[in-house]
Amino acid sequence: MEKAFVLRSARPSDHGPIMEVMPAWWGGRDLRHGVPRLFLEHFSNTSFIMEHEGRMVGFIIAFLSPARPGEGYAHFLGVDPAYHGQGIGRRLYERFFEVCRQNGRSVVRACTSPVNSASVRFHQKMGFSLAPGDGQRDGIPFIRDYNRPGDDKVEFSKRLE
Ligand SMILES: CC(C)(COP(=O)(O)OP(=O)(O)OC[C@H]1O[C@@H](n2cnc3c(N)ncnc32)[C@H](O)[C@@H]1OP(=O)(O)O)[C@@H](O)C(=O)NCCC(=O)NCCS
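Along each chain, residue indices are assigned from 1 in the same order as the chain's sequence is written. Thresholds applied to this predicted model are a pLDDT of at least 70 for local features of residues and 80 or more for the giving and counting of side-chain atom pairs; totals over whole chains, interfaces and linings are not thresholded and use all residues. Side-chain metrics in this entry use all non-hydrogen atoms of the structure; hydrogen atoms and water are not considered.

A short note on the layout of surface pockets
Stage number 1. Approximately 1100 Å³ is the volume found for the largest pocket.
Stage number 2. A cavity, in this analysis, means grid points on a 1 Å lattice covering only the protein atoms where a 1.4 Å probe fits yet has no way out; a pocket is instead an open set bounded by protein on both sides within 12 Å along at least five of seven lines, and a residue lines either one if it has an atom within 4 Å of a point. The wall of the largest pocket is formed by 39 residues, among which Trp26, Leu77, Thr112, Asn116 and Ser119 lie closest to the centre.
Stage number 3. Secondary structure elements are taken from DSSP: a helix is a run of H or I of four residues or more, a strand is a run of E of two residues or more, and numbering for both begins at the N terminus. Broken down by secondary-structure element, the contributors of at least two residues to the lining of the largest pocket are strand E4 (71-79), helix H3 (88-102), strand E5 (107-112) and helix H4 (117-125).
Stage number 4. At seven residues, E4 tops the list of elements feeding residues into the lining of the largest pocket.
Stage number 5. Residues are sorted three ways: Asp, Glu, Lys and Arg are charged, Ala, Val, Leu, Ile, Met, Phe, Trp, Tyr, Cys and Pro are nonpolar, and all the rest, Gly among them, are polar. Residue composition of the lining of the largest pocket, grouped by class: 17 nonpolar, 15 polar and seven charged.
Stage number 6. In this structure, the lining of the largest pocket is formed jointly by two domains, domain 1 (1-100) and domain 2 (106-161), each of which donates at least three residues.
Stage number 7. In terms of lining residues, the second largest pocket is bounded by Phe63, Ser65, Arg68, Glu71, Gly72, Tyr73, Arg109, Ala110, Tyr146, Glu155 and Phe156. Grid points are joined across faces, edges and corners, and a volume is the space filled by probe spheres set on the points. Residue ranges for the domains originate in an automatic or database domain assignment.

Set out below in structure tokens:
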């Protein structure tokens, strides 16, 4: 990756810029409620921003599980559509995997909506397994009513070497 790309830790001041780009980066889906400011306040040291020529082109919001001492959790990962397919999502995940390993975390978990088939394929490429569910869509297992009625999720896990 060329020098103009910089991968850095997140900061609380990244919250506003993340809110600005999320609907466009998620293809018009408005998931901003899923990234309240507290994530940037309290998990900035385990979350990362990719910049290109000083502009944010990707982010991962992630944390070390307080309740499960062997696990890390990736909550949201987004890349500017103009930069898809250049390895930015992979770089962001790998940076978080590094933090997990440094902190004795051997399992990383994440989840996504079954409608987000691109995210499912991306996670499979990143080496995540799909948990069995009680529903299926295009061969993808999901857990019904995961967060609340009608909010189904595909659960991912990856064991770090
Ligand atoms: C999913 C997303 C983060 C991928 O980011 P990216 O920077 O384009 O991904 P990368 O270029 O790092 O790709 C890593 C691997 O995943 C694969 N991949 C990425 N997007 C894919 C897709 N839509 N379909 C199939 N494979 C895909 C790549 O081919 C690559 O595989 P390889 O390393 O074996 O060649 C990006 O498409 C995105 O931001 N989507 C909208 C937000 C979202 O859905 N986030 C995830 C849920 S929180």
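That covers the picture; the talk isn't over yet.
Looking at the pairing of strand E2 (residues 48-52)
Stage number 1. A large share of E2 lies buried, amounting to five of its five residues.
Stage number 2. Burial of E2 is two-sided: the residues Phe48, Met50 and His52 facing one way and the residues Ile49 and Glu51 facing the other way are all buried.
Stage number 3. By the convention used here, strands pair only if DSSP detects at least 2 bridges between them. Bridge analysis of strand E1 (residues 5-9) against E2 gives five bridges, and the strand direction is antiparallel. Paired with valine 6 across the two strands is glutamate 51, which belongs to E2.
Stage number 4. As paired elements, E2 and strand E3 (residues 55-64) share five bridges and run antiparallel to each other. Following the sheet pairing, isoleucine 49 is matched in E3 by phenylalanine 59.
Stage number 5. The hairpin formed by E2 and E3 contains two residues between the paired strands, and glutamate 53 there has a positive phi angle of roughly 50°. Relative accessibility thresholds used throughout: buried, under 20% of the residue-type maximum; exposed, over 50%; partly exposed, between the two (1.4 Å probe, protein chains only).

Considerations on the sheet that holds strand E6 (residues 129-130)
Stage number 1. Here seven strands make up an open sheet; going across it, the order is E1-E2-E3-E4-E5-E9-E6 and the pairing mixed. Both edges of this open sheet fall to E1 and E6, since each of them pairs with a single strand only.
Stage number 2. Helix H1 (residues 15-25) contacts E2, E3 and E4 of the sheet and is inclined by roughly 100° relative to E3. Only heavy atoms matter for contacts: two residues are in contact if any of them lie within 4.5 Å across the pair. In this analysis an axis means a line fitted to C-alpha atoms, helices contributing only their contacting stretch, and an angle means the value between N-to-C directions, from 0 to 180 degrees.

Here's the deal with unusual backbone geometry
Stage number 1. Its identity is not glycine, yet glutamate 53 carries a phi of approximately 50°, on the positive side.
Stage number 2. Residue placement: glutamate 53 occurs in the loop between E2 and E3.

Re the domain arrangement of the chain
Stage number 1. For the chain, the domain assignment lists domain 1 (1-100) and domain 2 (106-161).
Stage number 2. Counting from both sides, the interface comprises 15 residues of domain 1 and, opposite them, 16 residues of domain 2.
Stage number 3. Take the accessible area each of two parts loses on contact, using a 1.4 Å probe, and add the two losses: that sum is the buried area. Summing both partners gives a buried area of about 1300 Å² for domain 1 against domain 2, and 56% of it is carried by carbon and sulfur.
Stage number 4. Salt bridge, as used here, is a side-chain nitrogen of Lys or Arg placed within 4 Å of a carboxyl oxygen of Asp or Glu. With its nearest N and O atoms 2.9 Å apart, the salt bridge here joins arginine 109 to glutamate 71.
Stage number 5. What qualifies as a polar contact is a pair of N or O atoms within 3.5 Å, subject to a donor-acceptor requirement within protein and to the restriction that residues adjacent in sequence count only when both atoms come from side chains. Where domain 1 packs against domain 2, one counts eight residue pairs in polar contact (both at pLDDT 80 or more).
Stage number 6. The residue inventory of the side of domain 1 that touches domain 2, partitioned by class, reads eight nonpolar, three polar and four charged.

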